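The lines below spell out each chain.
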Amino acid sequence: MVELRNVSKTYANGTVALRDINLRLDKGEFVFLVGPSGSGKSTLVKLLLKEEDATEGEVYVNGYDVTSMTRQEIPYLRRSLGVVFQDFRLLPNKTVYENVAFAMIITEALPKEIRRQVPMALALVGLSRKANMYPHQLSGGEQQRVALARALVNNPALLIADEPTGNLDPETSWEIMKLLSEINHRGTTVIVATHEKSIVDAMKKRVVAISKGVIVRDQEKGLYRDEDKNTPVLY
Amino acid sequence: MKIRTLRYFIKEGFINSYRNKLMSLASVLIVVTSLIIFGVFVLISLNAQHNIGIWKEQPQLQAFCYQEIDDIQVRRVEEIIKADERILSYEKVTREQALERMRERLGKDAAILDGYGADIFPVSFIIRLKDVSYSSEVVKDLEKVTGIEKVSYSQDTVELITRMSHWFSLGCSVMIIVFLVASVFIIANTIKLTVFARRREISIMKYIGATDWFIRWPFVVEGVIISITGAILAFIVSAYGYKAVVDKFTQDAFFAQTNLLSMLSIESVWSRLAVYYAVIAVVVGAAGSFVSMRRYLKV
Ligand SMILES: Nc1ncnc2c1ncn2[C@@H]1O[C@H](COP(=O)(O)OP(=O)(O)O)[C@@H](O)[C@H]1O
Ligand SMILES: [Mg+2]
């Protein structure tokens, strides 16, 4: 599903963001990517989306050889996965429905398909009744649900979320995380970059911890912090 | 490209140009200006060609006899003209007719001719040639005929007009190029503003997997909308303007009588003008968008 082999990323200004990363995700997994701010989580997500290129190593996502793919192929890689961000990234002058439908319009989907898929995606995130509202009329949690519906509307095999709860209060954060877990139970592979300690600890999923660009721990049913070793984490 | 996608691009193009009203308007005005200059050039050229064509088709010479020769000598000259194979037809202008024409031409000033008789005018022959290429040799031969004083030669006029229209074209071409380039750049600049206004939207589109062309097309449409609007306005202005000029021209007594110049009717030029404007508009609009995208839309 997702594989990184000996991946390193050094930015143009010389910052080493990732160092010799090896990571493998199988179909249907749910993975938390944890680590303090600046540890390289977002960089890893950017490599998966080919927003940034790996300086070294190989990246495979959904059967795409991301490392060697051309610019023209990038949109098709991105269509094969769904992505949500901390800042929701909704189009302010489009309604909830239109925002979600837009992800299908760009793939030149049939209108019939759009009319079928969009309500389903909205129902999945519990926003059917707010379809005709604009993003500014919604709470943060609701906006993130719209972003989730948009990420899911093309039925991607992989969902990537970079700090999806970073702008939300704890209660709403919980709801979003539960929703992500539910999406995972329906068969979608999910990667969540976060530093929500309590949620990570409670959900008992696979945890990949990054520190200073290096994977320091990869644990099934893990916790945010490795209690046994008492690894100091700065945040 | 699917029809619904095309519809989406066109809709977005309109939204873009509407959101960016002021710059769109400025661009439209530049396009209108360029196209009107171009239109004036085209219309003048078409009319010049039309008139040159008429003159060429009816190569006319006028051979003037000496004023003092008598009718017998005039008849001898006439025989020579009649016998010339290269001459299609001729018309004799008697002294009386020449006086009459002069009176007409002078109009209310004709009084100055009072007291003079027709005998102050020479007899002349208006000659039509079978082909314009004979002009110079026929002129040379006629000038040798005893009794003929001089031959006026309308080929000179044709050459003058041809040369003038050549210089005119050159001047206009330079202006047209300057204005078209200005149009391309102002459209590019307008689109740059839209791109900046929509850069967040563009980045979101990229994240959800829109192709480069899917992102670019609305901007191309925006450029074409601006230039097509300009073309429509320019067409209306130049068509009405031209019609007004033609109306004034046909009412002008001098041109109506002399038949020296004729103008093409608006009916015979509008379709050509419309096609030129449409083609230029699409090219200029698309070029503006492409310039803008090369510079500002690194998707
Ligand atoms: N575009 C960039 N250019 C240079 N350095 C960057 C860039 N993006 C991130 N970094 C640096 O890379 C490191 C990892 O950042 P990031 O991946 O955003 O961490 P995280 O998402 O875990 O907070 C940080 O030191 C950050 O300053
Ligand atoms: Mg980050």
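Residues numbered from 1 in each chain as written. Chains lettered and ligands numbered in written order. Predicted model: local features only at pLDDT ≥ 70, side-chain atom pairs only at ≥ 80, totals over all residues. Heavy atoms only, no water.

Draft legend 1. Region of interest: the environment of Glu137(B). Residues and elements named next belong to chain B. Within the secondary structure, Glu 137 is located in helix α5 (residues 135-144). Distance in space between the C-alpha atoms of Glu 137 and Arg 86 is 9.9 Å, their sequence separation being 51 residues. There is a polar contact of 2.9 Å between the side chain of Glu 137 and the side chain of Arg 86. (Helix = DSSP H or I, 4+ residues; strand = E, 2+ residues; numbered from the N terminus. Polar contact = N/O pair within 3.5 Å; in protein donor to acceptor, adjacent residues only side chain to side chain.)

Draft legend 2. Main features of the site of ligand 1. All names here are of chain A. By nearness alone, every residue bordering ligand 1 is listed as Tyr 11, Asn 13, Thr 15, Ala 17, Pro 36, Ser 37, Gly 38, Ser 39, Gly 40, Lys 41, Ser 42 and Thr 43. Within the backbone of Gly 38, a nitrogen or oxygen atom sits 2.6 Å from an oxygen atom of ligand 1. Ser 42 is positioned with one of its side-chain polar atoms (N or O) 2.7 Å from an oxygen atom of ligand 1. With the chains in place, 66% of the 560 Å² that ligand 1 exposes on its own is no longer accessible. (Near = heavy atom within 4 Å. Areas by Shrake-Rupley, 256 points an atom, 1.4 Å probe, with all protein chains shown as cover.)

Draft legend 3. Geometry of the sheet that holds strand β9 (residues 206-211) of chain A. Residue and element names in this part refer to chain A. One open sheet accounts for six strands, arranged β6-β7-β8-β3-β9-β10; its pairing is mixed. With partners counted over all chains shown, the strands left at the sheet margins are β6 (81-85) and β10 (214-219), one partner each. Ignoring which end each strand starts from, the neighbouring axes of this sheet average 15° apart. Inspection of the sheet shows β6 paired to strand β7 (residues 158-162) by five bridges, in the parallel sense. The residue of β7 that forms the bridge with Phe 85 is Asp 162. Here helix α1 (residues 41-49) sits on the sheet in contact with β3 (30-34), β6, β7, β8 (189-194) and β9, set at roughly 145° to β7. (Pairing = 2+ DSSP bridges. Axes fitted to C-alpha atoms, helices over the stretch in contact; angles between N-to-C directions. Contact = heavy atoms within 4.5 Å.)

Draft legend 4. Just the interface of chain B and chain A, in detail. On the side of chain A, 23 residues touch chain B, which itself brings 20 residues to the contact. Here chain B meets chain A over a buried area of about 2,000 Å², counting both sides, of which 55% is carbon and sulfur. Of all residues in chain B, the largest losses of buried area upon contact with chain A belong to Arg4(B), Tyr207(B) and Ile208(B), amounting jointly to 37% of the total for that side. The tally of links from chain B across to chain A stands at one salt bridge. (Buried area = accessible area lost by both parts, 1.4 Å probe. Salt bridge = Lys/Arg side-chain N within 4 Å of Asp/Glu carboxyl O.)

Draft legend 5. Highlighting the packing of helix α5 (residues 140-152) of chain A against helix α6 (residues 170-185) of chain A. Residues and elements named next belong to chain A. Interhelical geometry of α5 versus α6 gives an angle of 15° and a closest axis separation of 10 Å. Considering their axes alone, α5 and α6 lie roughly parallel with respect to each other. Like other packed secondary-structure pairs, α5 and α6 cross with a definite hand, here right-handed. Between α5 and α6, the residues in contact are Gly 141, Gln 144, Arg 145, Leu 148 and Leu 152 and Thr 172, Glu 175, Ile 176, Leu 179, Leu 180 and Ile 183, respectively. (Parallel < 35°, antiparallel > 145°, perpendicular 65-115°, else oblique. Left-handed = near helix turned anticlockwise from the far one by under 90°.)

Draft legend 6. Looking closely at the sheet that holds strand β4 (residues 56-61) of chain A. All names here are of chain A. Spatial strand order, β2-β1-β4-β5: four strands in an open sheet with antiparallel pairing. Of all strands in the sheet, those with a lone pairing partner are β2 (16-25) and β5 (64-65), marking the two edges. Both strand β1 (residues 2-10) and β2 contribute to a ladder of six bridges, which runs antiparallel. Looking at the pairing, Glu 3 lines up with Arg 24 of β2. Seen against the sheet, α1 touches β1, β2 and β4 and runs at an angle of roughly 120° to β1.

Any functional reading would require information that these geometric values do not contain.
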